Amino acid sequence: VPAERTVPPLEIVPVLQGGVSLGLAIPVGRLDASGLGFGSAVSPQFTFTFEGSFRPVAELELGLFMLLGGGTSYAPLNDHCIAAGGWCDAFDLALGFFPRWSFLPRGSVNPWVSVSGGLEWLSVTNAYHDAFDYTGWGVGAAAASCCAVARTAASGAPTAPRMKWPTASRNWPAARAF
């Protein structure tokens, strides 16, 4: 068994980066069209986030993201679904922009903070394709610490676990039922 070794700090921070993360989004805020609390309408969602970013300086990352999430619905939305013959699941798609500030971008441990904003689409739907769709602008915030665990052979860029906190708040301007 090879001995573990520490990962040396980065000498050069890559200008272009891409990432994939797995997370948990906890709904907060209100569904604007109905005034219904977001957390009382849908469950926390497991999310996959894909992102690409550019670093104008080592500490600042400017990027684009796509978030895909899935969970379930709660009453009263789920009551409508059950009346139509089936349980409703919740699916989320978000596209947006984020700036992220890294405090130690060359270190083997790199704490960072980020804010994000973008367009989100949430669909609560059942097997019969009855759906409640919510669209609107979403905002979020995250803070984490990340440690480099390996380097890729081609680019020398770090491969690291990305830890994300859930979206801080979401606001939905309109609701439609199909």
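(A) Representation of the environment of L62. Within the secondary structure layout, L62 lies in strand β5 (residues 60-72). Take L62: its relative accessible area is 30%, and that puts it in the partly exposed class. Once the C-alpha coordinates of L62 and S114 are considered, the two residues, 52 residues apart in sequence, prove to be 9.9 Å apart.

(B) Representation of the nonpolar core. L31, A41, V42, L77, L122, V124 and Y134 are the most contacted members of the largest nonpolar core, which has 13 residues in total. Where this core is concerned, the elements lending two or more residues are α1 (38-41), α2 (77-83), β7 (109-125) and β8 (131-147). With near-sequence residues (within four places) excluded, A41 lies in contact with L31, L36, S73, Y74 and L77.

(C) Geometry of the side chain of S123. Looking at where S123 falls in the secondary structure, it is placed in strand β7. Engagement of the side chain of S123 in a polar contact is seen with the side chain of D133, the distance being 2.7 Å. Look past the residues within four positions of S123 in its chain and what remains in contact with it is D89, A90, F91, A131, F132 and D133.

(D) The pairing of strand β1 (residues 16-25), seen in detail. The alternating pattern of β1 places Q17, G19, S21, G23 and A25 on a buried face, while none of L16, G18, V20, L22 and L24, on the opposite face, is buried. As judged from the ten bridges shared by β1 and strand β4 (residues 45-57), these two strands associate in the antiparallel manner. Directly across from G23, in β4, lies its bridge partner T47.

(E) Summary view of the packing of aromatic side chains. Under the criterion given, the structure shown has zero aromatic pairs. The cationic tip of R100 hangs over the ring face of W112; the distance from NZ or CZ to the ring centre is 4.6 Å.

(F) Here's a closer look at a nonpolar patch on the surface. A contiguous nonpolar patch, built from V20, L22, F48, F50, M66, L68 and L95 and spanning about 630 Å² of accessible area, is present on the exposed surface. Structurally, the position occupied by F48 is in strand β4. F48 gets classed as partly exposed once you look at its relative accessible area, which sits at 44%.

(G) View of the side chain of S102. Locating S102 in the fold gives a position in strand β6 (residues 89-102). On the basis of relative accessible area, S102 is assigned to the buried category, the value being 1%. A polar atom in the side chain of S102 sits 3.3 Å from the side chain of N110. Residue contacts for S102: discarding those within four places in its chain leaves R55, E59, E61, N110, P111 and W112.

What counts, and where the lines are drawn
Residues numbered from 1 in each chain as written. Predicted model: local features only at pLDDT ≥ 70, side-chain atom pairs only at ≥ 80, totals over all residues. Heavy atoms only, no water. Helix = DSSP H or I, 4+ residues; strand = E, 2+ residues; numbered from the N terminus. Buried < 20%, exposed > 50% of the residue type's maximum accessible area, 1.4 Å probe, protein only. Core = buried A, V, L, I, M, F, W, Y, C linked by side-chain atoms within 4.5 Å. Contact = heavy atoms within 4.5 Å. Polar contact = N/O pair within 3.5 Å; in protein donor to acceptor, adjacent residues only side chain to side chain. Pairing = 2+ DSSP bridges. Phe/Tyr/Trp six-rings, centres within 6.5 Å; stacked < 30°, edge-to-face > 60°. Lys NZ or Arg CZ within 6 Å of the ring centre and 35° of its normal. Patch = residues over 30% accessible without salt bridge, like charges linked within 9 Å, V, L, I, M, F, W, Y side chains within 5 Å. Areas by Shrake-Rupley, 256 points an atom, 1.4 Å probe, with all protein chains shown as cover. Salt bridge = Lys/Arg side-chain N within 4 Å of Asp/Glu carboxyl O.

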